[in-house]
Amino acid sequence: ETGVTQTPRHLVMGMTNKKSLKCEQHLGHNAMYWYKQSAKKPLELMFVYSLEERVENNSVPSRFSPECPNSSHLFLHLHTLQPEDSALYLCASSQKSGLIAGAGNEQFFGPGTRLTVL
Amino acid sequence: SQQGEEDPQALSIQEGENATMNCSYKTSINNLQWYRQNSGRGLVHLILIRSNEREKHSGRLRVTLDTSKKSSSLLITASRAADTASYFCATDANSGYSTLTFGKGTMLLVSP
């Protein structure tokens, strides 16, 4: 296991439910990410938080609402989801590097939450 | 839009053989990274190669990068059954926070 934890690991919800996914990183990183991984599709970046500020939102529907209360925690609030939202949701963290050409740090991923929307 | 694209989609080999996976991408990058994912689990970072590097080694892994052809390869030597997993390349175009664009991955099966 990495230093990134996610809860719950599995979640089944109806389309009218409201639930939240939680991610916690113990690595002292200052950037956190939400990804969606569906079958037979590339991993899709959903949101990026850098220094607790949302810096990217890749045209994600408003039924997904992220929250980053501090640099160690990231939430994904879910409401009125659709069956096609069923997927593995992965959280990751990294350390924001300086503006050095070619530099870049790896991302550390959590184990994911397997979400099924009925 | 999809940036990294791995080839082949699936690869089946015997233990002890070498496995080579290729990745092509479309736009300029800051660095390229390879990740591994066991079934239904999170991704694990394997190796990062910067845009000004051509080759990098880490244990049984060897990665090459050809920016003129916008391609990279991952070689796993002397494969083991435990290497069975999906392997993804990811390109990073940012120089600040990391923003990765992943390909669909290569599924590697190593048989004992």
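What you see is a predicted model, and the numbers here were worked out from it, not measured in a lab.

About the cut-offs
- Residues numbered from 1 in each chain as written.
- Chains lettered and ligands numbered in written order.
- Predicted model: local features only at pLDDT ≥ 70, side-chain atom pairs only at ≥ 80, totals over all residues.
- Heavy atoms only, no water.
- Salt bridge = Lys/Arg side-chain N within 4 Å of Asp/Glu carboxyl O.
- Buried < 20%, exposed > 50% of the residue type's maximum accessible area, 1.4 Å probe, protein only.
- Helix = DSSP H or I, 4+ residues; strand = E, 2+ residues; numbered from the N terminus.
- Pairing = 2+ DSSP bridges.
- pLDDT = per-residue confidence, 0-100.
- Contact = heavy atoms within 4.5 Å.
- Axes fitted to C-alpha atoms, helices over the stretch in contact; angles between N-to-C directions.
- Core = buried A, V, L, I, M, F, W, Y, C linked by side-chain atoms within 4.5 Å.

## Comments concerning the pattern of salt bridges
Counted according to the given criterion, the structure contains five salt bridges over all chains. A salt bridge links E44 of chain A to K41 of chain A, with the nearest nitrogen and oxygen atoms 3.6 Å apart. Since its relative accessible area comes to 30%, E44 of chain A is described here as partly exposed. The class of K41 of chain A is partly exposed, set by a relative accessible area of 44%. Where R60 of chain B meets D83 of chain B, a salt bridge forms, and the shortest distance between an N and an O atom there is 2.9 Å. With R60 of chain B in the loop between β6 (55-58) and β7 (61-66) and D83 of chain B in the loop between β8 (71-76) and β9 (85-92), the pair connects residues that are 23 residues apart, well separated along the chain. Overall, R60 of chain B belongs to the partly exposed group, its relative accessible area being 23%.

## Quick look at unusual backbone geometry
A cis amide bond, omega -10°, links T7 of chain A with the succeeding residue P8 of chain A. Mapped onto the elements, P8 of chain A comes out in the loop between β1 (4-7) and β2 (10-13). Here the bond from D7 of chain B into P8 of chain B is cis, since omega is 0°, no more than 30 degrees from zero. Positive phi, normally seen in glycine, also occurs at T80 of chain A, with a value near 50°. Looking at the secondary structure, you find T80 of chain A in the loop between β8 (73-79) and β9 (87-94).

## Let's talk about the pairing of strand β3 (residues 18-25) of chain A
Residues and elements named next belong to chain A. For β1 and β3, the ladder comprises four bridges, and the chain directions are antiparallel. Within the sheet, the bridge partner assigned to T7 lies in β3 and is K22. Pairing between β3 and β8: seven bridges, direction antiparallel. Looking at the pairing, L21 lines up with L76 of β8.

## Here we look at the confidence of the model for chain A
Confidence in the prediction for chain A averages 87 pLDDT; 92% of positions are at 70 or higher. Per-residue pLDDT stays below 50 along residues 99-103 of chain A; that stretch engages in 15 contacts with residues further than four places along the chain or on separate chains.

## Regarding the sheet that holds β3 of chain A
Residue and element names in this part refer to chain A. Taking strand neighbours across the sheet as the criterion, the four strands line up as β1-β3-β8-β7 in an open arrangement whose pairing is antiparallel. Bordering the open sheet on either side are β1 and β7 (64-70), each of which pairs with just one other strand. Neighbour-to-neighbour, the strand axes of this sheet turn through a mean angle of 20°, independent of strand direction. Of the pairings in the sheet, the one linking β7 to β8 comprises five bridges and is antiparallel in character. In the strand pairing of β8, P66 is matched with L76.

## Topic: the nonpolar core
W34, F64, L76 and L78 of chain A are the most contacted members of the largest nonpolar core, which has 22 residues in total. When residues of this core are traced back to their parent elements, those giving at least two are β2, β3, β4 (31-37), β5 (44-50), β7, β8, β9 and β11 (113-117) of chain A. Residues M21, W34, I49 and L65 of chain B belong to the second largest nonpolar core, which totals 20 residues.

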